[in-house]
Amino acid sequence: MFKSYAIAMLLLFLCGAQLTLQAQTNVSTVNVENLSDAQVNQVIQEIKERGLTATEAAELARARGASQLQIDQLMTRIQQAQLSGDNGNAIQTVVSSPAPEEANYSTSQSGTQKRSVQSTPKNKRIFGYQLFNQDKLSFEPSVNIPVPSDYVVGLGDELSINVWGASQQTYLVQVDGNGSVNIPDLGPVKVAGQNFADVRSTLLRRLSAIYSGMAGPTPNTYAEVSINNMRSIKVNVVGDAINPGTYTLPATASAFNALYLSGGPNENGSFRSIRVMRDNKLAGVIDVYDYLLNNKTNNNIALRDQDIIFIPTYHKRVEAIGAFKRDAIFELKEGENIKQLLTYAGGFNDNASQSRLLITRFTDEGYKLDDVKRAEFGTFKLKNGDVIRAEEVISMFENRVSIEGAVYRPGTYALDENMKLSQLLTKAGGLVPNYFASRGLIIRLDDQLYPNTIAFNVDDVLNGTNDPILQREDQVMIRDIFTVGEHKIVRILGEIMNPGEFNFYRNMTMKDLIFLAGGMKEAASESYIEVARRNSYQESAGVDNKLVSLHTFAVGRDLQLSTEDEQFTLQPFDQVYIRRAPSYQAQKTVTIAGEVKYPGQYSISSKDERISDLVQRAGGITPHAFKDGASMKRRVDRQLKEQIELANQMQEGHDQSLQVIKEQAYKTLELQLKDILKKPGSDNDYTLKEGDEIFIPTKSEEIWVNGEVMNPTGLAFNPAVNTKYYINTTGGFTENAQKGKVYVIYANGTSASTKTHLFRKYPKVAPGCQIIVPKKPEKKQTEVTTWLAIASTMSSLAIAIVAVLK
């Protein structure tokens, strides 16, 4: 007896069985581990029949007093039963998977489940298709809202009745197969098929029979009825749906919920006459266009169990393309015409030509075109398959003219009837004072839209002598005197702050131009300023060797001219040259560094100052100076640079190491400091130039060996040994060493190479020098094709010799 009672209690807490929850029941005494496998399977079957998940069943049991231990033990027993297969069917979290012919509509927190839909290009063109096939609009019914008063109670609904006040009781009852709920001490009450408001009134009236405190003018007992767990319903979507089938939905679902899950009508399905059948009767007709275009939801019918949604095949579809706001395929009902189509298409877009439409129609013989004018939009009958095209307006204006140039407001203007050119000038604000009077142009299109020019005299237009009438698309051009002819400029060059071109102005003098150019530099000569002027028109008419006229002037730095020169005014295209003062020289700097008493930068004092003079100015050399290692660098002037580039071209293809030396030679000069100090003013005592750099190093006692030797390193200088000794000391030559090209770079920047006659003679070494062993040039391997060509030539030659001998 106790075990059977325990099973009943578990079913009550986990599944919501039709039993009364008594306050005195001690649920904690139920021992789940003592239940048999058959009893556990009964629990599983009950949960499956009610459509609960394991989580939902556990939450329901916990809310009604079951402990977490009891819930965990029962869930473990359920999982063991599933693994053993005794319950007959594999279940997923207690609830079995939907059959293949059904699509499960889930309203859990994980989201709505919907079959995937493969969209085709034609589907996407059909107006209304996206309504049921987009992620952002799911039509998922809400199950977390108060039960509507018009909700129809049906089989499987679970009602909760709470009584409080003088009496306290809770009833959890389910609508049974007879459509009734069984309330203890009250008996069955018929509720199925009634709306929730009527069911609530009926139950409260019946409860007052067993709870006397609910009746009378001053009740002390109260009751409330709610639906604790609404049932699920099954709805069939048939006809031309994308995914027809049976769908499980909440009882509050509407027709759009089922249409969304099925993907809506397919390519052949109708969006305008979807029928909802209930008990073999028509419950309603859905026109999706009413929802999309008019925001009407009254035809979104609330569904009931076993409703059938039938999507018929469309009867008439037409396609709107071109200059419509909605470019799509639309379904038309019988009697609808182009006016209704324009409403569905959102009307014409901003660039549409609204006077006519082009209709393409299929006939038995092929295609047919119809031009439908605006007056016929309400009477022309469209047929299935018609293609309606709206063209855009052409880019030409009906009444446009434009004017540019010497007017105050150039631009585009409306062409009035018989409007003259003078009237257009008035619209454009009039002419600017510097207009070019003798000629203007009208660019006019002929019948073939080819532009032609019509000339006019601007003054004649102003005085009315010749005032042409304008036509559509005329372009009027009037120039000012500054834009006709060559742009007038003057140039100033030489010792001026901002040399270059400047605009020419009337009565412009030379001092005006110097002022515009920022004034003269300090190096400018005030007594020799030259102006070069083009030949005049008259002078250019004849044949002469004269190119320009030259004029010289003296201008002070305060921009004052003599009385005679003050009368000289510049003309267009004059070029003014500000010469440099003959003896002006900017300071030129040289640098001396290393072992001198006062190293640093020095200004060259005279044009004939030499290295010896600079050393003397720097306080002379120190006792640690390495005179043989002194070096000098000089900036390359243009002439020397051209000579070096020529030498490089002549040397191209020869030894790369010599090429490097030649490229470096233009930067470094040989400096025989020891001879210079002995004989100041000699040929080795160079005259200083700006930028010269002289470096006198500290005494050096090492020799560096680099390049193709086994161990490149530095060695101590020994006057008793030669170059070969240093090479051998660093391990000797490598396999790639070019022994006959060994050279030495001395501390002063000069170099010496190996001499080869009968014997190889290496250059001498000196303190601070570098011995360079170059690498052999890579030999290019002869390609196979070359050998074949040589063999062919030799073979031909041999045949020729044999022929001659014969």
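Because the structure is predicted, anything quoted here is derived from the model rather than measured.

Student: Explain the overall build of the protein chain residue by residue, including any values.
Tutor: A count of helices and strands for the protein chain gives 20 helices and 39 strands. The buried share among the 806 residues of the protein chain stands at 39%. Relative to all contacts within the protein chain whose residues are 6 or more apart in sequence, the contacts with residues 24 or more apart total 62%. With an accessible surface of roughly 47400 Å², the protein chain has 50% of that area assigned to carbon and sulfur atoms.

Student: So what about the sheet that holds strand E31 (residues 668-669)? Which residues, and what values?
Tutor: Strand order in the open sheet formed by five strands is E29-E28-E32-E30-E31, with mixed pairing between adjacent strands. The open sheet is flanked by strand E29 (600-603) and E31, the only strands paired with a single partner. Sheet topology places strand E30 (residues 631-633) next to E31; two bridges connect them, and they run antiparallel. Bridge pairing links Met632 to Leu669 in E31.

Student: Before we move on, can you summarise the environment of Ile210 with the specific residues and values?
Tutor: For Ile210, the location among the structural elements is in the loop between helix H6 (196-207) and strand E7 (221-229). For Ile210, a relative accessible area of 31% puts it in the partly exposed group. As for Ile210 and Pro184, which are separated by 26 residues in sequence, their C-alpha atoms are 10.0 Å apart. Not counting the four nearest positions on each side in its chain, Ile210 is found in contact with Tyr171, Pro184, Asp185 and Leu186.

Student: Describe the packing of aromatic side chains, listing the residues and the values that go with them.
Tutor: As enumerated under the stated definition, the model contains nine aromatic pairs in all. Ring centres of Phe127 and Phe330 lie 5.1 Å apart, and the angle between their planes is 45 degrees; this geometry places the pair in the tilted category. Placement of Phe127 in the loop between helix H5 (121-125) and strand E3 (158-165) and of Phe330 in strand E14 (residues 329-331) is noted, with a sequence separation of 203 residues between them. Comparing Phe127 with Phe330 shows no difference in burial state: the two are buried. For the pair Phe362 and Tyr367, a centre-to-centre distance of 4.9 Å together with 50 degrees between the ring planes defines the contact as tilted.

Student: Which residues make up a nonpolar patch on the surface, and what values do they have?
Tutor: Taken together, Trp787, Ile790, Met794, Leu797, Ile801 and Leu805 make up a surface patch of nonpolar side chains, about 670 Å² in accessible area. Structurally, the position occupied by Ile790 is in helix H20 (residues 784-805). Residue classification places Ile790 among the partly exposed positions, given a relative accessible area of 39%.

Student: Tell me what's going on with the side chain of Ser160, and back it up with residues and numbers.
Tutor: When you line up the elements, Ser160 lands in strand E3. With relative accessibility at 10%, the residue Ser160 sits in the buried group. Excluding its chain neighbours within four sequence positions, the residues that come into contact with Ser160 are Tyr171, Leu172, Glu224, Val225, Ser226 and Asn228.

Student: With reference to specific residues and values, describe the side chain of Asn748.
Tutor: Note that Asn748 resides in the loop between strand E35 (743-745) and strand E36 (751-753). Classification of Asn748 by relative accessible area gives buried; the value is 6%. Here Asn748 is in contact with Asp628, Gly629, Ala630, Ser631, Thr668, Leu669, Glu670, Leu671 and Gln672, once residues within four sequence places are set aside.

Student: With reference to specific residues and values, describe the sheet that holds strand E24 (residues 500-503).
Tutor: In space, the five strands of this open sheet follow the order E24-E23-E27-E25-E26, with mixed pairing throughout. Unpaired on one side and paired on the other, E24 and strand E26 (548-553) mark the two borders of the sheet. Averaged over all pairs of adjacent strands, the angle between strand axes in this sheet comes to 20 degrees, irrespective of strand direction. The pairing of strand E25 (residues 524-534) with strand E27 (residues 575-580) spans five bridges and is antiparallel. Looking at the pairing, Ala532 lines up with Gln575 of E27.

Student: I'd like to hear about a positive patch on the surface, residue by residue, with values.
Tutor: Taken together, the side chains of Lys724, Lys739, Arg760, Lys776 and Lys779 define a basic patch exposed on the protein surface. Relative to the assigned elements, Lys776 resides in the loop between strand E39 (770-773) and H20.

Student: Kindly report on unusual backbone geometry, identifying the contributing residues and their values.
Tutor: Phi angles above zero are rare outside glycine, and Asp185 is one such case at about 70 degrees. For Asp185, a relative accessible area of 74% puts it in the exposed group. Residues other than glycine seldom take positive phi values, yet Asn507 does so here, at roughly 60 degrees. Its location among the elements puts Asn507 in the loop between E24 and helix H12 (510-516). With relative accessibility at 67%, the residue Asn507 sits in the exposed group.

Calculation criteria
Residues numbered from 1 in each chain as written. Predicted model: local features only at pLDDT ≥ 70, side-chain atom pairs only at ≥ 80, totals over all residues. Heavy atoms only, no water. Helix = DSSP H or I, 4+ residues; strand = E, 2+ residues; numbered from the N terminus. Buried < 20%, exposed > 50% of the residue type's maximum accessible area, 1.4 Å probe, protein only. Contact = heavy atoms within 4.5 Å. Areas by Shrake-Rupley, 256 points an atom, 1.4 Å probe, with all protein chains shown as cover. Pairing = 2+ DSSP bridges. Phe/Tyr/Trp six-rings, centres within 6.5 Å; stacked < 30°, edge-to-face > 60°. Patch = residues over 30% accessible without salt bridge, like charges linked within 9 Å, V, L, I, M, F, W, Y side chains within 5 Å. Salt bridge = Lys/Arg side-chain N within 4 Å of Asp/Glu carboxyl O. Axes fitted to C-alpha atoms, helices over the stretch in contact; angles between N-to-C directions. Lys, Arg positive; Asp, Glu negative; His and termini not counted. Charge placed at Lys NZ, Arg CZ, Asp CG, Glu CD.

Any functional reading would require information beyond the geometric quantities listed.
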